[in-house]
Amino acid sequence: MKDIVFFDTEINPESGNILDFGGVKPDGSRIHTKSKTPFFSFVSGCDYICGHNIIAHDLKYAGDLIQSASPSCVPIDTLCLSPLLFPMKPYHALLKDDKLQVDELSNPLNDSVKAQELFDNEISAFEGLPQSLQDIFCSLLYGKPQFYGFFRYLGIAPRGDVEAKISVVFQGKICANADIALFVRKAPVELAYALALIHTEDRYSVTPDWVMRNYPRMDNVMKLLRNTPCAEECDFCNKKLNVRIRLKDIFGFDHFRTYNGEALQEKAAEAAVHGKSLLAIFPTGGGKSITFQLPALIAGETSRGLTVVISPLQSLMKDQVDNLEEKGIVDAVTINGLLSPIERAEAMERVESGMASLLYISPESLRSNSIEKLLLSRNVVRFVIDEAHCFSAWGQDFRVDYLYIGDFIKALQDQKSNKKMIPVSCFTATAKQKVISDICEYFDRKLGAKLELFSSTAIRENLRYVVLYKETDEEKYTALRN
């Protein structure tokens, strides 16, 4: 039997001194001490040292001590393994983001026992995977210090062509023309986590917050695997990213609406699915909602992405969420001032847990720390700005809070360390040239985004103007009454 010790420490965050040690071995022996000497003896000669979040945390403080006691011991971190082996909601009962979830009073010994239980479950979960998926994960992660100890403990090593195996195992689940070789070379950990999530086939499971923070390229890997239509229109892209097919699948409509014979609605939706930023000028009641809801729901399904819709009208937000629910679509959430504290907490939980693909908020909400933290926890794939004429002082409803949107998106990208710009979709019914140029110039200046324009004619066929000539006030009054 391999000699493995499960351990945890309590650290003084100010001084960095170790205040408490805890440890447990498979034979049942345990230790809980504030002294280094007995802990040194407990771990002496072990082959493996295992714990939860030990590589980024505990070994920074206790690594030298453990290394001197067991020069050849190999670390195993249960934290790094958890998103790989328990990607499906509800997550493992012991997991709470990047910490262990325990009922007992937290101390290093209790956490060591829980780490041992989690590790045993991780081994069982890995051994329960198909052999081909085990081989894929091993090939991608074997050379990484966060994972090497786990595979060495199991006595397995990389074998076979990992790119070929990924293509076979995930056929029809990812774009057939995605550059797998590039991901294997440049982002193997992100690729492994993405494939684990895709393997669940549960559209509401999302990547844990700590993974998003530590592996910001995860968003882009998911986008390129499952949310970027390929030019060859492979089987996956044709079924999952074709806007005409998905319009029927999701909303039950056979065709998009046209404007004077031009398919602007379809073209704008297709541009969004292809990751472009755009400005759509559609008449009021002209079907703009479908234009951003369809790409949002597609992204929610394929890449677990969140689309943020910014609207100045709280009643409109509620109407759109209610309308989707009437169609049996429960992926939309609104967070606004009309909600009670309990309703707001429930809405935020739905977003954080991955149950929501569409989030409706007001521009003022972007100044909320809780909203900022919420968006940092999700893969935000697009910002939709409704009533976009509010950007322009020439628009009839100029709102100064709109001018903060670009700064917020830029700050969010920077905090996510995301080099890829989050695309935007702007919608308005106001076609004044000055308003259009103001909107386009704003996003070019703030984000470097070039908005593709989709504009319907200013003529409203549902409106008719007639002049009735009357001589006197009495005649005018009578005609108006009639």
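Residues numbered from 1 in each chain as written. Predicted model: local features only at pLDDT ≥ 70, side-chain atom pairs only at ≥ 80, totals over all residues. Heavy atoms only, no water.

1. Some points on the sheet that holds strand β2 (residues 18-24)
Going by this rule: The pairing criterion for strands is at least two bridges between them, as found by DSSP. Counting from the N terminus, the helices are DSSP H or I runs at least four residues long and the strands are E runs at least two residues long. Geometry is summarised by axes, namely lines fitted to C-alpha atoms with helices restricted to the contacting stretch, and by angles between N-to-C directions that run from 0 to 180 degrees. Here, two residues are considered to be in contact whenever any of their heavy atoms come within 4.5 Å of each other.
Sheet architecture is open: five strands sit in the order β3-β2-β1-β4-β5, paired in mixed fashion. At either end of the open sheet lies a strand with only one pairing partner, and these are β3 (30-33) and β5 (74-77). Geometrically, the sheet is characterised by an average inter-axis angle of 25° between neighbouring strands, direction not taken into account. Here strand β1 (residues 4-11) pairs with strand β4 (residues 48-51) via three bridges, running parallel. When the bridges of β4 are listed, F6 appears paired with C50. Against the sheet, helix α3 (residues 78-85) engages β4 and β5, with an angle of about 45° to β5.

2. Notes on the environment of W210
The line we're drawing: Relative accessible area decides the class of each residue, using a 1.4 Å probe on protein chains only: under 20% of the type maximum gives buried, over 50% gives exposed, and in between gives partly exposed.
When you line up the elements, W210 lands in helix α10 (residues 209-214). Using a relative accessible area of 4% as the deciding quantity, one classes W210 as buried.

3. Details of the nonpolar core
Stated formally: Take the buried residues of types Ala, Val, Leu, Ile, Met, Phe, Trp, Tyr and Cys, join any two whose side-chain atoms come within 4.5 Å, and each joined set is a nonpolar core.
If you look at the biggest cluster of nonpolar residues, it comprises 95 residues, and the most contacted ones within it are F137, Y193, L195 and L225. With nine residues, the single largest contributor to this core is helix α9 (residues 188-200). Core analysis: the second largest hydrophobic core is formed by 39 residues, V351, A356, I371 and A388 among them.

4. Considerations on the environment of N17
Note the cut-off: Polar contacts, as counted here, are pairs of nitrogen or oxygen atoms within 3.5 Å of one another; within protein the pair requires one atom able to donate a hydrogen and one able to accept it, and residues that are adjacent in sequence qualify only if both atoms are side-chain atoms.
Mapped onto the secondary structure, N17 falls in the loop between β1 and β2. Look at N17 and you get partly exposed, because its relative accessible area is 46%. Put simply, N17 and F86 are 69 residues apart on the chain and 33 Å apart in space, counted from C-alpha to C-alpha. With residues up to four places along the chain from it excluded, the contact list for N17 reads E10, I11 and N12. Side-chain polar atoms of N17 contact the side chain of S15, separated by 3.1 Å.

5. Some points on the sheet that holds strand β11 (residues 358-361)
Pairing is parallel across the open sheet formed by seven strands, whose spatial order is β10-β11-β9-β12-β13-β8-β14. At either end of the open sheet lies a strand with only one pairing partner, and these are β10 (332-334) and β14 (452-455). Across the sheet, the mean angle from the axis of one strand to that of its neighbour is 15°, orientation sign disregarded. Judged from the four bridges that link them, strand β9 (residues 306-310) and β11 form a sheet pairing that is parallel. Bridged to I310 within β11 is I361.

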